[in-house]
Amino acid sequence: MGCRAVLLLAPEDKLKLLHSYIDGTFVAGRSEFPDINPADGSVAAMVTEAGPEMVDDAVTAARRALAGPWRRTGVRERAALLYRIAECIESRFEQFVAAEVTDTGKPVALASRLDVPRAAANFRVFADLIKTAGLEAFHTETADGRQALNYAVRNPIGVVGIITPWNLPLLLLTWKVAPALACGNTVVVKPSEETPATATLLAETMRDAGIPSGVFNLVHGFGERSAGEALASHPDVNAVTFTGESRTGAAIMRACAPHVRPVSFELGGKNAAIVFADCDFEPTVTGMADAVFLNTGQVCLCAERVYVERPIFDRFVDALKKKAEQLRPGWPADDTTTLGPLISATHRDKVMSYYRLAREEGATIVTGGGVPEFDDARRNGFYVQPTILTGMAESARCAQEEIFGPVCHVAPFDSEEEAITLANDTKYGLAASVWTSNLGRAHRVAQQMRAGITWVNCWFLRDLRTPFGGMGLSGIGREGGMHSLNFYSELNNVCIRI
Ligand code: NAD
Ligand code: 6OH
């Protein structure tokens, strides 16, 4: 089947209406809510909210599809379908970029280089992996001198509930959908209410790619007392995978507990970066500017705590300040734009409240701390200034709590041991980065980070086969490569007496 370009979005003169996708059909929900463009606060589309009955329909369709032709699809066929999905995403590249940009306000350049290519890559990587993934086998000597052969087979886990956030909407959704489908599951996805568009396009893409009805289902809505909660607590869901805030993770865990159902959680972070005086200065400053400000700081992996060895502290803060001040907040489609808005007015209020709190907590505002000025509709958007703080106590709330904006606190340190202690002083444990030209120190320090991912002289450099996830408030379990395949499947060990 070809990649038909189905028109998701209504002509520009009509407001677009985004529906849930259940059992191969777009279905209107019980009420409408607006999808706001964060660049200017305008209503980009209306979304219809799935209530509990629609979530039930989606789960029922997913369960039915598990027993249908999908069950008989072999690994090679499933892999071919995943490649097809990747191709269909690429054939609608501009449409995906436009939808992601409208929902998030992020620069077109960023969505074109990161979000949409990664969505296609997610499907390709797990297609490759499922084709080649082997499993253990053991020859067992038995007490009576005979033998047994043990080998494991991989079965789907069943209906997977996938709940995702708004910061990298398509990337994070496909990061879970791809391995779930690769393993032969069916899915019900609940994207963030802030970013419904690319998930809706993905539903069309699934249809174009020939994914059977009921295998991929999408329900739009909110979390609490809405589609998210209904999905997490549905008795017929076999596993829940979630990316989002730690507090939401706790609520989802409570919803899953009565069913004793596996969860995979990729949650928040308060990530540290350690910069040694022997670092390669310019690339480190450039890398740090990315680590702090990419996607307006709305990446769970962003560095919000930067520790710099004292001899280069002033110079480093000064250089990072220059980078922050070079960022250009602007319209997403403008080539010169390097900083988008935050996702929503609510989130901007939250980030601004931390900017105020930082002052109360004794911070020096090296740069930023406010809202950029515009003389057009961007005044109604949700922009904030990139901000650098110094001088706070480590115990300050701004140094301990995830802010999720374009902001970091920079603090000096005097020894390797002190830097490690400071970096690890957090209830989170997602990502860290170490910047040094001393190879021995790089390994020594990186290995002591209490984090699921530690980068050395780089940040957010991803190989999708590697373990990804965090500890503490940052999550439960690892996804990526075989870790994903193992979460999204049940192993059955077959033991044969020989
Ligand atoms: P969020 O937790 O508010 O929402 C995420 C999703 O959960 C949304 O779809 C929402 O509707 C749903 N939800 C909310 N309450 C629910 C409930 N009670 N039951 C079921 N579903 C519910 O997160 P967000 O604000 O969209 O995203 C930002 C957060 O996500 C940050 O904390 C960030 O660090 C984290 N994040 C983590 C990773 C990671 O890989 N570790 C990646 C991206 C974002
Ligand atoms: C969080 O905002 C970023 C998460 C990134 C991934 O899950 C990934 O696979 O790169």
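Cut-offs used in this document
- Residues numbered from 1 in each chain as written.
- Chains lettered and ligands numbered in written order.
- Predicted model: local features only at pLDDT ≥ 70, side-chain atom pairs only at ≥ 80, totals over all residues.
- Heavy atoms only, no water.
- Salt bridge = Lys/Arg side-chain N within 4 Å of Asp/Glu carboxyl O.
- Buried < 20%, exposed > 50% of the residue type's maximum accessible area, 1.4 Å probe, protein only.
- Near = heavy atom within 4 Å.
- Polar contact = N/O pair within 3.5 Å; in protein donor to acceptor, adjacent residues only side chain to side chain.
- Areas by Shrake-Rupley, 256 points an atom, 1.4 Å probe, with all protein chains shown as cover.
- Helix = DSSP H or I, 4+ residues; strand = E, 2+ residues; numbered from the N terminus.
- Nonpolar A, V, L, I, M, F, W, Y, C, P; charged D, E, K, R; others polar.
- Core = buried A, V, L, I, M, F, W, Y, C linked by side-chain atoms within 4.5 Å.
- Contact = heavy atoms within 4.5 Å.
- pLDDT = per-residue confidence, 0-100.
- Pairing = 2+ DSSP bridges.
- Axes fitted to C-alpha atoms, helices over the stretch in contact; angles between N-to-C directions.

I would appreciate a short explanation of the pattern of salt bridges in the present structure.
A side chain with one charge can pair with a side chain of the opposite charge if their charged atoms come near. Summed over all chains, the structure comprises 24 salt bridges. Where Glu245 meets Arg247, a salt bridge forms, and the shortest distance between an N and an O atom there is 2.9 Å. The exposure class assigned to Glu245 is partly exposed, which follows from its relative accessible area of 34%.

What is the right way to read the site of ligand 1 from this model?
Inspection of the region around ligand 1 gives 30 residues, with Lys190, Glu193, Thr248, Leu267 and Glu402 positioned closest. The backbone of Gly244 places a nitrogen or oxygen atom 3.5 Å from an oxygen atom of ligand 1. Burial of ligand 1 by the protein chains amounts to 92% of its free accessible area of 850 Å². Listed by contribution, the elements that provide at least two residues to the shell around ligand 1 are helix H7 (227-232), strand S11 (239-243) and helix H8 (246-256). With three residues, the top contributor of residues to the shell around ligand 1 is H8. The residue inventory of the shell around ligand 1, partitioned by class, reads 14 nonpolar, nine polar and seven charged.

How should the nonpolar core be read in this particular structure?
Inside soluble globular proteins, nonpolar side chains tend to come together where they are buried. Counting residues in hydrophobic clusters, the biggest one holds 104 residues, and the most contacted among them are Phe123, Phe216, Met288, Leu301, Val306 and Trp459. Among the elements that make up this core, the one with the highest residue count is helix H4 (residues 108-132) (11 residues). For Phe216, the contacting residues outside a window of four places in its chain are Tyr21, Val177, Val187, Val189, Ala199, Leu202, Ala203, Met206 and Ile211. Membership of the second largest hydrophobic core comes to 26 residues, among which are Ile22, Leu66, Ala232 and Cys256.

In this structure, what is going on with the environment of Ala345? I would like to understand it.
Along the chain, the position of Ala345 falls in helix H11 (residues 345-360). Judged by relative accessible area, which is 37%, Ala345 ranks as partly exposed.

What is the right way to look at the confidence of the model for the chain in this model?
Summarising the model, the chain shows a mean pLDDT of 96, and 97% of its residues fall at 70 or more. Contacts for the low-pLDDT stretch residues 1-11, under 50 throughout, to residues beyond four places or in other chains number 31 contacts.

Please explain the sheet that holds strand S1 (residues 16-18) as it appears in this structure.
Two orientations exist for strands paired in a sheet by backbone hydrogen bonds: parallel and antiparallel. Reading across from one edge, S1-S5-S4 is the order of the three strands in this open sheet, with mixed pairing throughout. Two strands close off the open sheet at either side, each with one partner strand: S1 and strand S4 (31-37). Averaged over neighbouring strand pairs, the angle between their axes works out to 35 degrees when direction is ignored. With seven bridges connecting them, S4 and strand S5 (residues 42-49) associate as antiparallel partners. For Ser31, the partnering residue across the bridge sits in S5 and is Glu49.

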